[in-house]
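# Structure assessment
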Amino acid sequence: MRATLACIEDRLPPSLYFLLAGSSAASLNGDHDMTETNGPLARLRKAFRSLEDLPEVIPAAWRPGDATDPLPVETASVDDIAIAIVAANGELSAAIQRSSALEKLHRLAREAGAVGTDRAVDAALKREGR
């Protein structure tokens, strides 16, 4: 999964990238997470191999208080997880739609005979006769 994220991280919103990658923005900025190696989340990851990529924190904009503060997964309720899933799926859908639109533009430009350094939008318009 990490290899896939490395390929698409430029196209994902940071909140979705961190949610999928399992790391917080703070840890990427040099701040170290103070997570326990034998804490409940670590034990859960060991017990279920499929949960190795479970993030330490989730975005929690729906909760009262400072909307930028992430919520530790260890303290998240079942409803918090469900809402985070809905939010992540929404961001993922938007990323897929952007990717599909870019793929279509690329295809239209190539079909119009465009090469690597040509402007894609101009070529697609030329193809459509506009």
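Residues numbered from 1 in each chain as written. Predicted model: local features only at pLDDT ≥ 70, side-chain atom pairs only at ≥ 80, totals over all residues. Heavy atoms only, no water.

Before going further, it helps to spend a moment on the overall build of the protein. Tallying secondary structure elements over the protein gives 6 helices and 2 strands in all. Starting at the N terminus and walking to the C terminus, you meet the elements of the protein as α-α-α-α-β-β-α-α. For the protein, buried positions account for 23% of its 130 residues. Taking contacts inside the protein between residues at least 6 apart in sequence as the whole, the part at least 24 apart equals 31%. Within the structure as shown, the protein displays about 9300 Å² of accessible surface, and the carbon and sulfur contribution to it stands at 57%. (Helix = DSSP H or I, 4+ residues; strand = E, 2+ residues; numbered from the N terminus. Buried < 20%, exposed > 50% of the residue type's maximum accessible area, 1.4 Å probe, protein only. Contact = heavy atoms within 4.5 Å. Areas by Shrake-Rupley, 256 points an atom, 1.4 Å probe, with all protein chains shown as cover.)

Here the structure, examined in full by the defined rule, presents 4 salt bridges. The shortest N-O distance in the salt bridge between Glu56 and Arg45 comes to 2.8 Å. Placement of the pair is Glu56 in the loop between α4 (40-47) and β1 (57-58) and Arg45 in helix α4, with a sequence separation of 11 residues. Residue classification places Glu56 among the buried positions, given a relative accessible area of 17%. Taking the relative accessible area as the measure of exposure, Arg45 reaches 18% and is therefore buried. Notably, a salt bridge pairs Glu52 with Arg49, separated by 2.9 Å at the nearest N-O pair. Residue classification places Glu52 among the partly exposed residues on the basis of a relative accessible area of 41%. (Salt bridge = Lys/Arg side-chain N within 4 Å of Asp/Glu carboxyl O.)

As a further point, take the environment of Asp118. Residue position: Asp118 is located in the loop between α5 (78-111) and α6 (120-127). On the basis of relative accessibility, which here comes to 40%, the residue Asp118 falls in the partly exposed class. A polar atom in the side chain of Asp118 sits 2.8 Å from the backbone nitrogen of Val115. (Polar contact = N/O pair within 3.5 Å; in protein donor to acceptor, adjacent residues only side chain to side chain.)

Turning our attention to the packing of α5 against α6. Following both chains from N to C, one finds α5 and α6 inclined at 65°, their axes separated by 8 Å at the closest point. Taken as a pair, α5 and α6 cross one another with a handedness that is left-handed. Contacts between α5 and α6 pair Leu105, Leu108, Ala109 and Glu111 from the former with Ala120, Val121, Ala123, Ala124 and Arg127 from the latter. Here the residues of the contact of α5 with α6 are counted per class, giving 7 nonpolar, no polar and 2 charged. (Axes fitted to C-alpha atoms, helices over the stretch in contact; angles between N-to-C directions. Left-handed = near helix turned anticlockwise from the far one by under 90°. Nonpolar A, V, L, I, M, F, W, Y, C, P; charged D, E, K, R; others polar.)

Turning our attention to α4. Within α4 the residues assigned to the buried category are Leu41, Ala42 and Arg45. For α4, the angular spread of buried residues about the axis comes to 100°, placing them on one side. Facing away from the buried side of α4, by more than 90 degrees, are the exposed residues Arg43, Lys46 and Ala47. (Arc of directions from axis to C-beta.)

For the rest of this paragraph, the subject is the confidence of the model for the protein. Across the protein, the average pLDDT comes to 79, with 67% of residues at 70 or higher. Helix α3 (residues 25-28) is the least confidently modelled element of the protein, averaging 44 in pLDDT, while α5 averages 94, the highest of any element. Predicted confidence is poor over residues 24-34, with pLDDT under 50, and the contacts of this stretch with residues over four places away or in other chains come to 10 contacts. (pLDDT = per-residue confidence, 0-100.)

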